[in-house]
Amino acid sequence: MGVLGPLLLLKNETDLTPSAPKPRQLLAFLMLNANQMVRASECIKELWDSHPPKSSMSTLQTYVLHIRQALRCTAADVHDQTLVTQNHGYQLKVAPPSFDRFRFERMDRLGQEAAAAGRFQQASEYFAAALALWRGPALADVQTGPLSRAHLVELEETRKGVLERRIEADLRIGRHRELLDELAALAVQLPTHENIHAQYMLALHRSGERRRALTVHHTLGRVLRDTLGIEPTPRLQFLYEAIKSGDPVLDVPAATARTK
């Protein structure tokens, strides 16, 4: 099962993803709430927002039936309990290894644990594995409703957080030159994202590009003032001054660079 990209429902290597828009939307909503009970009223809200048809409950039950039929793709699956009904709601039961979101969260957690223990090479590998699970924007081919949108915002923010953590781990092990092109592109995509710009400045500084690093700070400051009416944080100002003075505190610690 997958939500980290186009909606995906595979069973025994067979694509069972519904083609009709509303069943796809309902399946996506259930996936986003995998292993949790979702009330029928929430499903109706997701599917029709504040304008449900009079037949919404019976129509919802029909969509649930369609999803169940997809999950029971063979006669041997007649007793499949992946999607269960109880307490006026539905629960999609998902084994963590079979769901890309759960695998993503596990890789992120392992990466954070490795980083906390100083194993930055391993942390980078875990974070990279987590990011590799993304096949595009979450649920890119599904018309999501009001209750799913918060999930999608959370997923995208988490993805960005993992990306920043992977870059941080790479900086810790001395991969500053390898990061320059990626960070340059990210700085353009995220013109007000201070941490990405800080990482870019540090990578430039460590690559002998001090003047470019200072220019990145100037550009960020101008964009922040023009678009948000704010100044860069004190942390960015400290980094700027440290780069300007060539402070050795910004060098890659030898012991960290060798960490595996």
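Residues numbered from 1 in each chain as written. Predicted model: local features only at pLDDT ≥ 70, side-chain atom pairs only at ≥ 80, totals over all residues. Heavy atoms only, no water.

Chemist: Any chance you could explain the sheet that holds strand β5 (residues 89-92) here in plain terms?
Modeler: Through backbone hydrogen bonds, the strands of a sheet pair up, either in parallel or in antiparallel fashion. The three strands are arranged β3-β5-β4 in an open sheet whose pairing can be described as antiparallel. The sheet is open, and its two edges are formed by β3 (37-39) and β4 (83-86), each paired on a single side. Sheet twist, expressed as the average angle between the axes of neighbouring strands with direction ignored, equals 30°. Where β4 and β5 come together, four bridges link them in antiparallel fashion. Residue Val-84 lies in a different strand from β5, and its bridge partner there is Gln-91. (Pairing = 2+ DSSP bridges. Helix = DSSP H or I, 4+ residues; strand = E, 2+ residues; numbered from the N terminus. Axes fitted to C-alpha atoms, helices over the stretch in contact; angles between N-to-C directions.)

Chemist: Help me out: how do you make sense of the environment of Leu-30 in this one?
Modeler: Within the secondary structure, Leu-30 sits in helix α1 (residues 21-32). According to the relative accessible area criterion, Leu-30 is buried, its value standing at 2%. Residues Leu-30 and Gln-91 lie 61 residues apart in sequence; the distance between their C-alpha atoms is 7.2 Å. Leaving out residues up to four positions away in the same chain, Leu-30 has contacts with Val-38, Ile-67, Leu-83, Tyr-90 and Leu-92. (Buried < 20%, exposed > 50% of the residue type's maximum accessible area, 1.4 Å probe, protein only. Contact = heavy atoms within 4.5 Å.)

Chemist: Even after reading the chapter, I still don't get the pairing of β5, so can you show me in this structure?
Modeler: Within a regular strand, side chains alternate between the sheet's two faces. Burial along β5 is two-sided: Gly-89 and Gln-91 and Tyr-90 and Leu-92, pointing in opposite directions, are all buried. Of the strand pairs in this sheet, β3 and β5 are connected by three bridges, and their pairing is antiparallel. What sits directly across from Val-38, in β5, is Tyr-90. What sits between β4 and β5 in their antiparallel hairpin is a turn of two residues, with Asn-87 showing a positive phi close to 55°.

Chemist: Sorry if this is basic, but what is going on with the packing of α1 against helix α3 (residues 56-71) here?
Modeler: Axes are the key here: two packed helices are described by the angle between their axes and the distance separating the axes. The contact between α1 and α3 brings their axes to 9 Å, and the two run at 75°. Classified by the angle between their axes, α1 and α3 sit roughly perpendicular to one another. Across the interface between the two elements, Lys-22, Pro-23, Leu-26, Leu-27 and Leu-30 of α1 pack against Leu-60, Tyr-63, Val-64, His-66 and Ile-67 of α3. When its residues are assigned to classes, the contact of α1 with α3 shows eight nonpolar, one polar and one charged. (Parallel < 35°, antiparallel > 145°, perpendicular 65-115°, else oblique. Nonpolar A, V, L, I, M, F, W, Y, C, P; charged D, E, K, R; others polar.)

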